[in-house]
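Each chain is listed here by its residues.
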Amino acid sequence: MHPFPGRLGGAAAALLLGVGVLLGGPASADAGAASAAAAAVPPVTGELKTYNVDGVYSAGVSSGGYMATQLHVAYSGTFDGSAAFASGPQYCAQNDLGKALNACMEVYQDLQLATLKQTTTNWSAQGAIDPAAGLSGDPVYVFSGSGDSTVERPVSTALNDYYRHFGANVLYNNSTAAGHAWISPLGPNACTVTANPWINNCGIDAEREFLGHLLGSVSAPASNLGGSLIRFDQNKYAPGGAAKPISMDENGFVYVPTSCAGGAACKVVVALHGCKQGYSYQGFGTRFIDRAYLNEYADTNNLIVLYPQAIATTTLDNPNGCWNWWGYLGDPDYARHGGKQIETIMGMVKALGGTGSTPPPTGTVTLPSVDAEDGYIKAAGDGSGPAVGTLEETSGLALGRGTDGKFNRTVLSFDTGAVPSGKEITRAWVTLTRSSGSGDPWASPAGNRLLVDVHTGCLGGCTVESADWAAATTAAGTAEIGSFASGSKASGNLSAAGLAAINRSGRTQVRLRFEQNQPATAYLFVNRDTQATLTVEYR
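Below is a short write-up of the structure. (Residues numbered from 1 in each chain as written. Predicted model: local features only at pLDDT ≥ 70, side-chain atom pairs only at ≥ 80, totals over all residues. Heavy atoms only, no water.)

### Digging into the sheet that holds strand 6 (residues 182-183)
Spatially, 3 strands are ordered 6-8-7 in an open sheet, and the strand pairing comes out parallel. What marks the edges here is a single partner per strand, and that holds for strand 6 and strand 7 (189-190). (Pairing = 2+ DSSP bridges. Helix = DSSP H or I, 4+ residues; strand = E, 2+ residues; numbered from the N terminus.)

What follows is the structure, given as structure tokens:
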């Protein structure tokens, strides 16, 4: 973990100053309290019911903005669009607190937008998220204030660019001097302030702007609320029936207009507060719910507004009650199918009548290859004269036809005993990182394929040996890896035979080979500096 340069040091300081995304100055004068309170309705205890839902959207601020994007990208088959105030692109932190602090809030580091786009593409191909093609045409609203020094303008601009890359219809409001906050006519703070309760009045109706973009158009908001604010038990939707272990509150809220309760076709908006804005955070209560200016539009536009709630942990994992956008509490799937908070919210959406994708597997394990056992073998085109390659340390693992006219195949070794016994393996794939190369071995000849063979146990000895070039494998050609010129690339999902070949009690070896011999020099080296990985999902 890395605190901000030149600021307080240590992990605690980094967490308290850095990932408390909606932190700022002292509490401001609550000038708008009277008008906000007049608009509020008190919550009543109840439960989520099924309504006539014909669309689902997400919206959030800061950590809630990151979660809104995660929901939309992971389940684009369910969510029809999204609005994000003061946040960045999907998987920005890459499960790394240092990146969260220094690339995805302030910009001391490059947030690696190209890598984030490729990760989305890879996850889509693997089924780890809904197809990325589902983002094309979706309405997306991005807001960034020039006075926001917590999540700086380049981060939100990257979110705009990220969505446009996947064909979304983005409306980007970067024209105000707003501080770090949700923007609302009911905001008690002046526009440029960054302070409690982090709801600012900038003289614009941001809700009309973003809801109009998401829905096409909206009717004027209600002057008096007529719906019901229902407080429900979030435990029901959390893994194992317990919300607190995943940093979610036992209390959640949903605003239901009378029209929706009466059977009208309605859309759901999942509205996500930022850090320190949760219901149970130091008495914050329903201020975000009351002043977000969403319930007023809900009454006149047939919108059900779901307000999930995060809470602070008693440890330094999440002391400010943020949504999980950097992988806290050891959840590696936080931004994709299987993410604990994502799946909990999806359970709520489905309970309200929103449709969803097939439930994800219950577990994922990503295994690095065993470096000491990895290697590559070169041989003539007919397989004669095989020999173990010697350039792994300097160049990486070779694939394709080298300058010596020999054809290279790579063997990777994985300790797959980490896959729990008694679980059904539902999906698996291999990920490589390119180190260097020459020519395009996928185009030599045209349509050439890089294939993945899987073997239960070791091909001979577990350390690579010359006989591995032609050794029979348990499952041949179980997946392929598409062409890539740089960065990382995931294979397609292993076939059923490939999944069955994964050894639950020890080693599984993978051999990579091109389907056809290249007629001229065309090769690549992979994984010189990092191990390849095998990701296995199970239930």
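### What to know about the pattern of salt bridges
Enumeration over the complete set of coordinates arrives at 13 salt bridges. In this structure, the salt-bridge partner of D404 is K378, at a minimum N-O distance of 2.7 Å. With D404 in the loop between strand 16 (397-401) and strand 17 (407-415) and K378 in strand 14 (residues 375-379), the pair connects residues that are 26 residues apart, well separated along the chain. Classification of K378 by relative accessible area gives partly exposed; the value is 23%. Two residues, E515 and R449, come together in a salt bridge whose shortest N-O distance is 3.0 Å. Taken together, the residues E515 in the loop between strand 22 (507-514) and strand 23 (522-526) and R449 in the loop between strand 18 (425-438) and strand 19 (450-456) connect sequence positions 66 residues apart. Here the salt bridges do not stand alone but share partners, grouping D333, R336, R427 and E537 into one network. (Salt bridge = Lys/Arg side-chain N within 4 Å of Asp/Glu carboxyl O. Buried < 20%, exposed > 50% of the residue type's maximum accessible area, 1.4 Å probe, protein only.)

### Observations regarding the layout of surface pockets
There is about 1,000 Å³ of room inside the largest pocket. Of the residues forming the lining of the largest pocket, the biggest block, 7 residues, is contributed by helix 5 (residues 113-126). Among the residues forming the lining of the largest pocket, the class breakdown is 10 nonpolar, 20 polar and 4 charged. (1 Å grid on protein atoms, 1.4 Å probe; cavity = no way out; pocket = protein on both sides within 12 Å on 5 of 7 lines; lining within 4 Å. Points joined across faces, edges and corners; volume = space filled by probe spheres on them. Nonpolar A, V, L, I, M, F, W, Y, C, P; charged D, E, K, R; others polar.)

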